[in-house]
Amino acid sequence: MPAALALVFLLLLTMFGNVKDGLLVFTGIPFALTGGILALWLRGIPLSISAAVGFIALCGVAVLNGLVMISFVRSLRDEGRSLDDAVWEGALTRLRPVLMTALVASLGFIPMAIATGTGAEVQRPLATVVIGGILSSTALTLLVLPVLYRLFHRRDDEETAPSQSQLAAGEAA
């Protein structure tokens, strides 16, 4: 599991080219893991190898959702949008894709989560982890990630925007 997480972070670092955005997308993983653990606890299912496999799959979905959101906000910023406009429009525009990804994955695992037949002892922990984790990571992606992006990049926005005194000096000249 630690090796998989390290590999995911290295791939994010390579894709974004900076640590800040890689860490922002990576924040989805702890929320997803928390949701998976909580779902196991609520159902009274012990941590097992199949649950660990579910956690690895869950990390992939959590990262994908964060990646969709952050890459779209970055593209809006590259077009020249202000930080607030880019975050707001990015969150609204990516709402449907993130929800659809979460809904498809969650609904697809419901038969495994309620299975009682042969192999159910392997399927139930995996499905429970994925469903619980996707629900919590989707909430993070839609609600918390845009706020974190704005907080992390607020200083960058202030440095690139001309200050009021610079604007006043330019008008006086």
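Here the residue index of a chain counts from 1 through its sequence in written order. Given that the model is predicted, a residue must reach a pLDDT of at least 70 before its local features are reported, and side-chain atom pairs must reach 80 or more before they are shown or counted; all residues, however, enter totals for whole chains, interfaces and linings. To obtain the side-chain values, all non-hydrogen atoms of the structure were used and water was disregarded.

## A closer look at the pattern of salt bridges
The following threshold applies: For this analysis, a salt bridge means a side-chain nitrogen from Lys or Arg found within 4 Å of a carboxyl oxygen belonging to Asp or Glu. By the criteria applied, helices consist of DSSP H or I runs no shorter than four residues and strands consist of E runs no shorter than two, each listed in order from the N terminus. We call a residue buried when its accessible area falls under 20% of the maximum for its residue type, exposed when it is over 50%, and partly exposed in between, using a 1.4 Å probe and counting protein chains only.
The final tally for this structure, using the stated rule, is three salt bridges. The residue Arg-74 makes a salt bridge to Asp-21 at a minimum N-O spacing of 2.5 Å. Linking Arg-74 in helix α4 (residues 49–78) with Asp-21 in helix α2 (residues 19–26), this pair joins segments that are 53 residues apart in sequence. With relative accessibility at 23%, the residue Arg-74 sits in the partly exposed group. By relative accessible area, Asp-21 is classed as buried at 2%. A salt bridge links Arg-150 to Asp-84, with the nearest nitrogen and oxygen atoms 2.4 Å apart. Here Arg-150 is found in helix α7 (residues 120–160), whereas its partner Asp-84 is found in helix α5 (residues 83–93), with 66 residues between them in sequence.

## With respect to the side chain of Ser-137
For the record, the criterion: Residues are treated as being in contact if the distance between any of their heavy atoms lies within 4.5 Å.
Tracing the sequence through the fold places Ser-137 in helix α7. Once residues lying within four places of it in the same chain are set aside, the contact partners of Ser-137 are Gly-28, Phe-31, Ala-32 and Ala-62.

## Some details on the nonpolar core
We apply this condition: The term nonpolar core refers to a set of buried residues drawn from Ala, Val, Leu, Ile, Met, Phe, Trp, Tyr and Cys, joined through side-chain atoms within 4.5 Å.
Within the largest apolar cluster, 37 residues are counted, with the highest numbers of intra-cluster contacts made by Ile-29, Ile-134 and Tyr-149. Sorting the residues of this core by element identifies α1 (2–16), α2, α3 (28–43), α4, α5, α6 (95–113) and α7 as the ones contributing at least two each. Look past the residues within four positions of Ile-29 in its chain and what remains in contact with it is Leu-5, Val-8, Cys-59 and Val-63.

## Let's talk about the confidence of the model for the chain
Which entries qualify depends on this criterion: The pLDDT value expresses, per residue, how confident the predictor is, ranging between 0 and 100.
Looking at the chain as a whole, the pLDDT averages 84, with 90% of positions reaching at least 70. At the level of individual helices and strands, the chain shows its lowest average pLDDT in helix α8 (residues 164–172), which scores 48, and its highest in α3, which scores 91.

## What to know about a nonpolar patch on the surface
Rules: Patch definition: residues with relative accessible area over 30% and no salt bridge; like charges joined within 9 Å; nonpolar side chains (Val, Leu, Ile, Met, Phe, Trp, Tyr) joined within 5 Å. For every accessible area listed, the method is Shrake-Rupley and the probe measures 1.4 Å; residues are considered covered only by the protein chains on display.
Among the surface-exposed residues, Met-100, Leu-103, Val-104, Leu-107, Ile-110 and Ile-114 lie close enough to one another that they form a single nonpolar patch of about 580 Å² accessible area. Take Val-104: it is sitting in helix α6.

## Description of the packing of aromatic side chains
As a reminder, the rule being used: For Phe, Tyr and Trp, rings pair up if their centres lie within 6.5 Å, where Trp contributes its six-membered ring, and each pair is then called stacked (planes under 30 degrees apart), edge-to-face (over 60) or tilted (otherwise). The rule for a charge over a ring is simple: NZ of Lys or CZ of Arg within 6 Å of the ring centre, and within 35 degrees of the ring normal.
Per the counting criterion, the structure on display carries one aromatic pair. Aromatic pair Phe-9 and Phe-26: ring centres 5.5 Å apart, planes at 75°, arrangement edge-to-face. With Phe-9 in helix α1 and Phe-26 in helix α2, the pair connects residues that are 17 residues apart, well separated along the chain. With a relative accessible area of 21%, Phe-9 lands in the partly exposed category. Its guanidinium or amino end placed over the ring of Phe-72, Arg-94 lies 4.2 Å from that ring's centre, counting from NZ or CZ.

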